[in-house]
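# Structure at a glance
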Amino acid sequence: MRIGEIAVLVGVTTRAIRHYHHVGLLPEPDRRPNGYRAYSVRDAVRLARVRRLTELGLSLDEVRDVLADDAGRELAEVLAELDADLARQQAELAERRRRLAVLLAAPPGEAEPVSPALAELLAKAPATTSPSAALDREHLSLLDASGAVGEELYAVLGTVAADPAVLALYERLDELADADGDDPRIGPLAAELVAAVPAEAFAAMATATAATEGTGGPQDVPGFLEALLAEYAPAQAEVVRRVMEAFTDTWAAQTKAQTDVQTDVQTDVQTERGRE
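In this text, all values refer to a predicted model and were calculated from it rather than measured experimentally. (Residues numbered from 1 in each chain as written. Predicted model: local features only at pLDDT ≥ 70, side-chain atom pairs only at ≥ 80, totals over all residues. Heavy atoms only, no water.)

## A short note on the side chain of Ser-130
Cut-off, in case you're wondering: Labels follow the DSSP assignment, with helices taken as runs of H or I lasting at least four residues and strands as runs of E lasting at least two, numbered in each case from the N terminus. A simple rule labels every residue: compare its accessible area, found with a 1.4 Å probe on the protein chains alone, to the largest value its type can have, and call it buried under 20%, exposed over 50%, or partly exposed in between. By the criterion applied in these results, polar contacts are pairs of N or O atoms within 3.5 Å in which, for protein atoms, one can donate a hydrogen and the other can accept it, and in which residues neighboring in sequence qualify only through two side-chain atoms.
Note on placement: Ser-130 falls in the loop between helix 6 (116-124) and helix 7 (131-146). You can call Ser-130 buried: its relative accessible area is 4%. Reaching out from Ser-130, the side chain makes a polar contact with the backbone nitrogen of Ser-132 at a distance of 3.3 Å.

Written out as structure tokens, the structure is:
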């Protein structure tokens, strides 16, 4: 058979056959005296197998691995891996469709694409019209999108989000919209906001920081804090500045403590190895 004939027989293009020759999936057949390739039935069988495997979703490298084993012992393993990959893709698509359905069902402007963990956290918060609460939600969504916040932290913050007392703190922050930057209510409110966050949250943040070291997040971008504070009125900005400063100090202390523990463990391991 000539290349056009085997292409019609197997149902592929001549261009595909030439590519398979080029990448080594299909050996070059003998040529006739006139220079044309002469394909055998064995070539057609191999070409048909390549077509079937690629239609199943295998890459050409995976097809090559399968064909390299004449007995086909690797085929079941490769197909099982492919099935697992398809199952994962199907689960991811189902989750994306679920989140899309939430967005479509919500009134315009009242839903945003966030991670499932953050969506679950926000669902625990009581309904409110507080501008400060809405702004805080936007900032948390930004951190969520950057990957700077982990699921462990969301789980810890669940009780905070559901606490009506925390919502009252947002409302007190709203009341400072027309206040001066030296208003006496600033200090007490900042302290109460810091106290509302459990120590476990800072431990979770420290863990996330260690896991994503070097990746950074919006909070590490120069100018982010200034841009954040610019969204608030002067008195509100001072409250947020003090809260962020306290959070940063506590977060840094937790991170250092975890690093010290890891260093001590590594030192102990190295010491034990030295004694062996």
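From this point, the narrative continues.
## As for the pattern of salt bridges
Pairing between side chains becomes possible if they bear opposite charge and their charged atoms approach one another. Inclusion rule: Salt bridge, as used here: a side-chain nitrogen of Lys or Arg that lies within 4 Å of a carboxyl oxygen of Asp or Glu.
Counted according to the given criterion, the structure contains eight salt bridges. The residue Arg-37 makes a salt bridge to Glu-28 at a minimum N-O spacing of 2.9 Å. For Glu-28, a relative accessible area of 45% translates into the label partly exposed. The closest approach of N and O atoms between Arg-64 and Asp-61, which form a salt bridge, is 2.8 Å. Here Asp-61 and Arg-64 lie together in helix 4 (residues 60-68), a separation of three residues that amounts to about one turn. What makes Asp-61 exposed here is its relative accessible area of 51%. Here the salt bridges share partners, and the residues they tie into one network are Glu-238, Arg-241, Arg-242 and Glu-245.

## Description of the packing of aromatic side chains
Our working definition: Centres within 6.5 Å make a pair out of two Phe, Tyr or Trp rings, where for Trp the six-membered ring is used; the pair is then stacked when the planes are under 30 degrees apart, edge-to-face when over 60, and tilted otherwise. The rule is short: NZ of Lys or CZ of Arg within 6 Å of the ring centre and within 35 degrees of the ring normal puts a charge over the ring.
Tallied over the full model, the rule gives zero aromatic pairs. Sitting over the ring of Tyr-36, Arg-2 keeps its end group 4.1 Å from the ring centre.

## A word on helix 2 (residues 14-23)
We apply this condition: Each direction from the helix axis to a C-beta atom contributes to the arc, which is the arc of those directions. In what follows, a contact means two residues having at least one pair of non-hydrogen atoms within 4.5 Å.
Listed in full, the buried residues belonging to helix 2 are Ile-17, Tyr-20 and His-21. For helix 2, the angular spread of the buried residues around the axis is 100 degrees, confining them to a single face. Of the residues in helix 2, the exposed ones pointing more than 90 degrees away from the buried face are Arg-15 and His-22. Tucked into the core, helix 2 has its buried residues touching helix 1 (3-10), helix 3 (41-55) and helix 4. Once helix 2 ends, the next one or two residues include Gly-24, with phi positive near 85 degrees.

## Side note on the nonpolar core
Put simply, the rule is: To define a nonpolar core, start from buried Ala, Val, Leu, Ile, Met, Phe, Trp, Tyr and Cys residues and group those joined through side-chain atoms within 4.5 Å.
Within the largest apolar cluster, 34 residues are counted, with the highest numbers of intra-cluster contacts made by Leu-157, Leu-176, Leu-189, Tyr-232 and Val-239. Those elements giving two or more residues to this core turn out to be helix 6, helix 7, helix 8 (151-156), helix 10 (164-174), helix 11 (186-195), helix 13 (224-229) and helix 14 (234-275). Among the elements that take part in this core, helix 14 stands out by supplying six residues, more than any other. Excluding residues within four positions of it along the chain, Val-239 makes contact with Leu-173, Leu-176, Ile-186, Leu-189, Ala-190 and Leu-193. Membership of the second largest hydrophobic core comes to 18 residues, among which are Val-10, Leu-26, Val-50 and Leu-58.

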